[in-house]
Amino acid sequence: MKLLENKVAIITGAARGIGKQIALKLASEGCQIAFTDLVINEAAQATQQEIEQLGVRCMAYAGNAADFEQTHQVVEQIMKDFGRIDILVNNAGITKDGLILRMTEQQWDAVLNVNLKSAFNFIHAVTPIMVRQRSGSIISMSSVVGINGNAGQANYAASKAGIIALTKSTAKELGGRGIRANAIAPGFILTDMTAALSEDTLAEFVKMIPMRRGGQPEEVASVALFLASDLSSYVSGQVIQVNGAMG
């Protein structure tokens, strides 16, 4: 039997990148997938088809994860469509980098809303469902930047540090109901975003990583699978760094 047979997962921001790889990884272990993105475009439709080819049910939902009411409506629809929710992966995220002196209020608010408020929105929406089921795994994407900070990313770092505190608080509140909450803090992962960097810039990043390479989205997805499954049945309130020993 597969690790996630008959389970249902919500994954936010999963049309591409790390979110997509997490969706594919969970689906490969029998999990049914409901994923969200701001709009369901051709890329999202292609992701849905790719997941369905693994022999599981998959549906894509359009919605602004930073909007409290929209999030609750999306979760309500997912419950109607799937009948249960076992796993939540808070993956939606954006960057709007800039030095604090030059950062606008709009840049700050946009990043905190998409990266942190969206996680609260979805946790708030799925908690009554998981409490009734007396089981559930909540996985939220933090970052090495949320642990160490980073010049030029005060908004992003604050949002990802907030994810860690939200995760630890959720784990303490819901542990007695059979619900686990953990965070993943990726380091330098090779995605579409990093593909735009020059070879020299990539080389400088790699020098800071003891394993001397960037990580693959699939390597982050493997940790998500561990946290989503009963392999981690006594793991809660933790932050797992996926960073090649990058300090």
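The structure this text deals with has already been given above.
Residues numbered from 1 in each chain as written. Predicted model: local features only at pLDDT ≥ 70, side-chain atom pairs only at ≥ 80, totals over all residues. Heavy atoms only, no water.

J.: What is the right way to read the packing of aromatic side chains from this model?
T.: Ring pairs (aromatic) are described by centroid distance and by the angle formed between their planes. Going through the model one piece at a time under the given rule, you end up with 2 aromatic pairs. Residues Phe68 and Phe120 carry aromatic rings whose centres are separated by 6.2 Å and whose planes lie at 25° to one another, so their mutual orientation is stacked. Here Phe120 lies in helix H4 (residues 105-133) and Phe68 lies in helix H3 (residues 68-82), a separation of 52 residues in the sequence. We classify Phe68 as partly exposed; its relative accessible area is 28%. With relative accessibility at 40%, the residue Phe120 sits in the partly exposed group. Both rings, one in Phe188 and one in Phe205, keep their centres 4.6 Å apart while their planes meet at 15°; by these two values the pair is stacked. Of this pair, Phe188 sits in the loop between strand S6 (179-186) and helix H7 (192-195) while Phe205 sits in helix H8 (residues 199-207); the two residues are 17 residues apart in sequence, bridging distant segments of the chain. Here Arg57 stacks its cationic end above the ring of Phe82, 4.5 Å away from the centre of that ring. (Phe/Tyr/Trp six-rings, centres within 6.5 Å; stacked < 30°, edge-to-face > 60°. Helix = DSSP H or I, 4+ residues; strand = E, 2+ residues; numbered from the N terminus. Buried < 20%, exposed > 50% of the residue type's maximum accessible area, 1.4 Å probe, protein only. Lys NZ or Arg CZ within 6 Å of the ring centre and 35° of its normal.)

J.: So what exactly am I meant to see when it comes to the side chain of Ser118 here?
T.: Relative to the helices and strands, Ser118 is located in helix H4. A distance of 2.4 Å separates a polar side-chain atom of Ser118 from the backbone oxygen of Val114. Excluding anything up to four places from it in sequence, Ser118 contacts Ala65, Ala66, Asn90, Ala92 and Asn113. (Polar contact = N/O pair within 3.5 Å; in protein donor to acceptor, adjacent residues only side chain to side chain. Contact = heavy atoms within 4.5 Å.)

J.: Please clarify how the nonpolar core should be interpreted in this entry.
T.: Soluble globular proteins tend to pack their nonpolar side chains together in the buried interior. Ranked by internal contacts, the top residues of the largest apolar core, which has 32 residues, are Leu26 and Ile33. Elements with a minimum of two residues in this core: strand S1 (8-12), helix H1 (17-28), strand S2 (32-37), helix H2 (42-52), strand S4 (87-90), strand S5 (136-141) and helix H9 (217-228). Looking at this core element by element, the count peaks at 7 residues for H9. (Core = buried A, V, L, I, M, F, W, Y, C linked by side-chain atoms within 4.5 Å.)

J.: Hey, could you run me through the sheet that holds S4 in this one?
T.: The strands making up a sheet associate through hydrogen bonds between their backbones, and the pairing can be parallel or antiparallel. Taking strand neighbours across the sheet as the criterion, the 7 strands line up as S3-S2-S1-S4-S5-S6-S7 in an open arrangement whose pairing is parallel. This sheet does not close on itself; its edge strands, each paired only once, are strand S3 (58-62) and strand S7 (239-242). With direction set aside, neighbouring strand axes in the sheet form an average angle of 20°. Relative to S6, S5 runs parallel, the two being bridged by 6 bridges. What sits directly across from Ile138, in S6, is Ala181. On top of the sheet, H1 reaches S1, S2, S4 and S5; it is set at about 170° to S1, its chief contact. Here helix H6 (residues 154-174) sits on the sheet and contacts S5, S6 and S7; the angle it forms with S6, its principal contact strand, is near 160°. (Pairing = 2+ DSSP bridges. Axes fitted to C-alpha atoms, helices over the stretch in contact; angles between N-to-C directions.)

J.: Which parts of the structure should I look at to understand the packing of H3 against H4?
T.: For any two helices packed against each other, one specifies the crossing angle of their axes together with the interaxial distance. Interaxial distance between H3 and H4 falls to 9 Å at its minimum, and their mutual angle equals 40°. Judged by the sense of rotation from one axis to the other, the crossing of H3 with H4 is right-handed. Touching Phe68, Thr71, His72, Val75 and Met79 of H3 are Phe120, Asn121, Phe122, His124, Ala125, Val126 and Ile129, all from H4. Taken together, the residues that form the contact of H3 with H4 break down as 8 nonpolar, 4 polar and no charged. (Left-handed = near helix turned anticlockwise from the far one by under 90°. Nonpolar A, V, L, I, M, F, W, Y, C, P; charged D, E, K, R; others polar.)

J.: Would you take a moment to explain the packing of H1 against H2 for this structure?
T.: Remark: H1 packs on H2, axes separated minimally by 9 Å, with the N-to-C direction vectors making an angle of 20°. The angle between H1 and H2 places the two elements in the roughly parallel class. Remark: the crossing between H1 and H2 carries right-handed chirality. In this structure, H1 uses Lys20, Ala23, Leu24 and Ala27 to contact H2, whose residues at the interface are Thr47, Glu50 and Ile51. When grouped by side-chain class, the residues that make up the contact of H1 with H2 number 4 nonpolar, 1 polar and 2 charged. (Parallel < 35°, antiparallel > 145°, perpendicular 65-115°, else oblique.)

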